[in-house]
Amino acid sequence: MPPNPNELHFPSGFLWGAATAAHQIEGNNVNSDWWAREHAPGTTLPEVSGDACDSYHRYGEEIRLLADLGFDTYRFSIEWARIEPERGFVSRAAIEHYRRMVAACHEAGLTPMVTLHHFSNPRWFADLGGWQSPDAVDLFARFTEAALPIVADGVDWVCTINEPNGVAGAIGGANLNLPNHVYALPDPQVSQTLVQAHRRSRAVLSAIPTIKSGWAIATQAFQPEPGCEEVAHTYGHPREDFFLEAARGDDFIGVQAYTRTIIGPDGPKPPREGVERTQMGWEYYPPAVGDGIRNAWKLTDGVPVFVTENGIGTADDTRRIAYTAGALTAVHQAMADGIDVRGYLHWSALDNYEWGSGYRPTFGLIAVDRETFVRTPKPSAHWLGQVAKTGRLTTDA
Ligand code: NOJ
């Protein structure tokens, strides 16, 4: 048979997987600041996380499911609030728990990628001022040390801080109530603190020579209208580029892409009328990941790229497949242009608790029954698992 021009081939050794974060799936993360926020009187959050997916107890199921579906990598986060529930008190049981998760990945044949910090903080850290505390960098370095036993045996990939630009934006933009297409301006002091925390954490991790460490940035595909390049640069630099530039010299850079933002003369514009939107209200725009990869590669001077998140909140699983096929086409194109992309991790393995939106948006390849916690892979999970297994993507389906 002649080669199919509509079939894209990914190299062997390219990693394929799915991602989650502790607070969004574990359940009962009661010592975290996010749990406190969910339960605070007058909270603006629509829903509490509650039992979430009960993954604190059922992680083995999703790990085995991902492996059975054909994936080879699982990105998950460890919860600082469980590991250090009080300042200076490290829970050996929590460390053991996460070591068991790593072991479960190995048993199933999955490569674990471990994120040390994915948005939620211990309450005590938040009470000290969180990332605005003068001790934040030291405290995060000490947490990294405490977490070393989790990543010391066979964890090659460690992501220090997830979306520091989102973290700094949430602090800079607190109480602003911005429209959906406007990204809050990061607090510059917090941005600097996060860079320092990332570097100190990497230095601690370097005690284990096999670990490759980096951080994961929310890339936002800012696209200037003609003549608006300068506006886009001024808008995009503190929100994205600053964090990519800080990753020069890292072992990898994580790209997390969902949608684009068009920049006009007055800054970001809402999606054009009539365009398809996801459950998050974001424009359906699969090539966004290509913009993110290219910006990351350029601004880091060629640090290897990992797509650490990419996905879509949708109730229509056929749109998830279409979106992901479009995104993977953009990934493939970037690789064909010479960019070193090491893997693709879909957000998310499971339908889970979405920070500001609760359980309404469904990003998962695997559905989770909210009462029984039964996990059911969607057609997209089988489809992407097949792409992962074969390294082939057919785009004319
Ligand atoms: C990025 C975040 O890392 C993740 O926690 C979140 O659920 C997804 N984006 C979707 O918004």
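Look up a bit, the structure's there.
Residues numbered from 1 in each chain as written. Predicted model: local features only at pLDDT ≥ 70, side-chain atom pairs only at ≥ 80, totals over all residues. Heavy atoms only, no water.

**Student:** Before we move on, could you go through the sheet that holds strand β6 (residues 212-218) and cite the residues and values that matter?
**Tutor:** A barrel is described by the order of its strands in space; here 8 strands give the closed sequence β2-β3-β4-β5-β6-β8-β11-β12, paired in parallel fashion. On average, each strand axis in the sheet is tilted by 25° relative to the strand beside it, whichever way the strands run. Packing against the sheet, helix α8 (residues 164-172) makes contact with β5 (157-162) and β6, and its axis sits at approximately 50° to β6. Against the sheet, helix α10 (residues 229-245) touches β6 and β8 (252-257), its axis set at about 170° to β6. (Pairing = 2+ DSSP bridges. Helix = DSSP H or I, 4+ residues; strand = E, 2+ residues; numbered from the N terminus. Axes fitted to C-alpha atoms, helices over the stretch in contact; angles between N-to-C directions. Contact = heavy atoms within 4.5 Å.)

**Student:** Which residues make up the sheet that holds strand β10 (residues 267-269), and what values do they have?
**Tutor:** Adjacent strands of a sheet pair through backbone hydrogen bonds, lying either parallel or antiparallel. Overall, mixed pairing links the 3 strands, which are arranged β7-β9-β10 in an open sheet. Two strands in the sheet have a free side with no partner beyond their single neighbour: β7 (222-224) and β10. The sheet shows a mean angle of 45° between the axes of neighbouring strands, taken without regard to direction. In this structure, β7 lies alongside strand β9 (residues 261-264), joined through 3 bridges in parallel fashion. Directly across from P224, in β9, lies its bridge partner I263. Seen against the sheet, α10 touches β7, β9 and β10 and runs at an angle of roughly 165° to β7.

**Student:** For the nonpolar core, give the residues involved together with the corresponding values.
**Tutor:** Residues W16, Y74, I78, W131, W215, I293 and V331 are the most contacted members of the largest nonpolar core, which totals 94 residues. For this core, the element with the highest residue contribution is helix α7 (residues 136-151), accounting for 10 residues. M113, W157, A216 and F306 belong to the second largest nonpolar core, which has 8 residues in total. (Core = buried A, V, L, I, M, F, W, Y, C linked by side-chain atoms within 4.5 Å. Buried < 20%, exposed > 50% of the residue type's maximum accessible area, 1.4 Å probe, protein only.)

**Student:** If you had to explain helix α12 (residues 317-336) to someone new, which residues and values would you point to?
**Tutor:** A rise of 1.5 Å per residue sets the reference length of α12, with its 20 residues, at 28 Å; its end C-alpha atoms lie 28 Å apart and thus fit the reference within 8%. Taken as a whole, α12 has its buried residues at D317, R320, Y323, T324, A325, A327, L328, A330, V331, H332, A334 and M335. Positive backbone phi, at 100°, marks G338, one or two positions downstream of α12. (Expected span 1.5 Å × (residues − 1).)

**Student:** Which residues make up the packing of aromatic side chains, and what values do they have?
**Tutor:** A complete count under the given rule lists 27 aromatic pairs for this structure. Look at F10 and F14: their rings are 5.3 Å apart centre to centre, the planes differ by 40°, and that puts the pair in the tilted class. For the residue pair F10 and F14, the accessibility class agrees, reading buried in each case. Each residue in the set W80, W124, F125, W131, F140 and F143 is aromatic and connected to the rest through ring pairs, giving one cluster. The ring of Y285 carries R260 above its face, with NZ or CZ at 4.2 Å from the centroid. A cation over a ring is seen here: R370 above Y359, with NZ or CZ 3.7 Å from the ring centre. (Phe/Tyr/Trp six-rings, centres within 6.5 Å; stacked < 30°, edge-to-face > 60°. Lys NZ or Arg CZ within 6 Å of the ring centre and 35° of its normal.)

**Student:** Account for unusual backbone geometry, naming residues and giving values.
**Tutor:** Omega for the bond connecting W347 with S348 falls within 30 degrees of zero, at 15°, which places this linkage in the cis form. Counting through the fold element by element, S348 comes out in the loop between β12 (341-347) and β13 (366-368). Backbone geometry at D54 places phi at a positive 55°, although glycine is not the residue there. The residue D54 is located in the loop between α2 (33-39) and α3 (55-69) in this model. Unusually for a residue other than glycine, A221 sits at a positive phi of about 45°. Residue position: A221 is located in the loop between β6 and β7.

**Student:** Tell me what's going on with the side chain of E26, and back it up with residues and numbers.
**Tutor:** Within the secondary structure, E26 sits in the loop between α1 (22-25) and α2. With a relative accessible area of 4%, E26 lands in the buried category.

**Student:** Quick rundown of the pairing of strand β11 (residues 305-310)? Include the residues and the values.
**Tutor:** Buried residues dominate β11, accounting for 6 of its 6 residues. Two strands pair when backbone bridges link them, and β11 and β12 are joined in this way by 3 bridges, in the parallel orientation. From the neighbouring strand, F306 faces β12, where its bridge partner is G343.

**Student:** How would you summarise the site of the ligand if you had to cite specific residues and measurements?
**Tutor:** If you check the shell around the ligand, you find 13 residues, and the closest are Q24, H118, E309, E354 and W355. In this structure, an oxygen atom belonging to the ligand sits 2.8 Å away from a side-chain N or O atom of H118. Take E309: an N or O atom from its side chain is 2.7 Å from an oxygen atom of the ligand. Protein contacts shield 95% of the accessible area of the ligand, which totals 300 Å² for the unbound molecule. Looking at the shell around the ligand, its residues break down into 6 nonpolar, 4 polar and 3 charged. (Near = heavy atom within 4 Å. Polar contact = N/O pair within 3.5 Å; in protein donor to acceptor, adjacent residues only side chain to side chain. Areas by Shrake-Rupley, 256 points an atom, 1.4 Å probe, with all protein chains shown as cover. Nonpolar A, V, L, I, M, F, W, Y, C, P; charged D, E, K, R; others polar.)

Geometric values such as these leave the question of function open.
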